[in-house]
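One-letter residues, chain by chain:
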Amino acid sequence: MEADPCRREREEMVEFQIRARGIRDERVLAAMQKVPRHLFVPKGLERAAYEDRPLPIGGGQTISQPYIVAVMTEQLEIRPHDRVLEIGTGSGYQAALLAELGADVISVERLDDLALRAQENFTRAGVTGVRVVVGDGTKGYPPEAPYDAVIITAASPAVPEPLVEQLGEGGRLIAPVGPRECQDLIKLIKREGKVQRIPLGGVCFVPLIGQFGWQGEVSPR
Ligand code: SAH
């Protein structure tokens, strides 16, 4: 088998979905060209991995649309050796990109089976530099705080306060915030104890469920 059977599809994804829509950070574009997204989707969906949409990953959860992943990654302004906290490991794709950018990533996932599968995905894709922790990520992960960047890949009514607290000086935090169905993507920047808030546009994410997020399971609609 060819070493990288999806290189062409990935090139087209980066050109037509990502660069064409205004993502300019060459490091982010290169990382998206490199990370094999098809190894992060469930068996049978590999052929859809480079399509312009989110995909189901089991447990009612999704791997985000490539463009949304690109926006969030660019806005995090990752530098090599940044300490990054991700909430919502899911497939592990977002964390793999952050690791590709040279970050040391802690990723917290609420569901055991997804955490396990993400770890298998990292192994298959040869990703090192991500540590997965199972638990309620709305409380953050204090042992490794403060973080240079925090990314929340599930939606909550407000940014969980512990995550703002665990952000270091100069730190960036990206999160979808608002109603259950669709939200505003927002960026927080912490400087000299003050938090600046920048809106980045509308998104629709699965709910962040936990003490400082939504309480309990979402009833099916
Ligand atoms: N970043 C993922 C997509 C995440 S989907 C990727 O690249 O594939 C959102 C994930 O957040 C789901 O896996 C869901 O189980 C998880 N999640 C929801 N609430 C959480 C919480 N309180 N703590 C940690 N993970 C949570």
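Check the entry above for the structure.
Cut-off values and rules
- Residues numbered from 1 in each chain as written.
- Predicted model: local features only at pLDDT ≥ 70, side-chain atom pairs only at ≥ 80, totals over all residues.
- Heavy atoms only, no water.
- Disulfide = S-S within 2.5 Å.
- Helix = DSSP H or I, 4+ residues; strand = E, 2+ residues; numbered from the N terminus.
- Buried < 20%, exposed > 50% of the residue type's maximum accessible area, 1.4 Å probe, protein only.
- Salt bridge = Lys/Arg side-chain N within 4 Å of Asp/Glu carboxyl O.

What to know about the state of the cysteines
Now for step 1: On inspection of all chains with the given rule, the structure shows one disulfide.
Now for step 2: Here Cys182 engages in a disulfide with Cys204; their sulfurs sit 1.8 Å apart. With the S-S bond torsion at 90°, the cross-link from Cys182 to Cys204 turns out right-handed. With a gap of 22 residues between them, Cys182 in the loop between strand E7 (167–177) and strand E8 (183–191) and Cys204 in the segment after strand E9 (194–203) connect regions that are remote in the sequence.
Now for step 3: Among the residues examined, Cys182 registers a relative accessible area of 37% and is labelled partly exposed.
Now for step 4: The class of Cys204 is exposed, set by a relative accessible area of 53%.

Some words on the pattern of salt bridges
Now for step 1: Applying the stated criterion to the full structure yields 12 salt bridges.
Now for step 2: Between Arg8 and Glu12 there is a salt bridge; the shortest N-O distance is 3.7 Å. Of this pair, Arg8 and Glu12 both sit in helix H1 (residues 7–19), four residues apart, roughly one helical turn.
Now for step 3: Classification of Arg8 as exposed rests on a relative accessible area of 56%.
Now for step 4: Its salt-bridge partner being Arg53, residue Glu51 comes within 2.7 Å of it at the nearest N-O pair.
Now for step 5: Given the relative accessible area of 34%, Glu51 is considered partly exposed.
Now for step 6: You can call Arg53 partly exposed: its relative accessible area is 38%.

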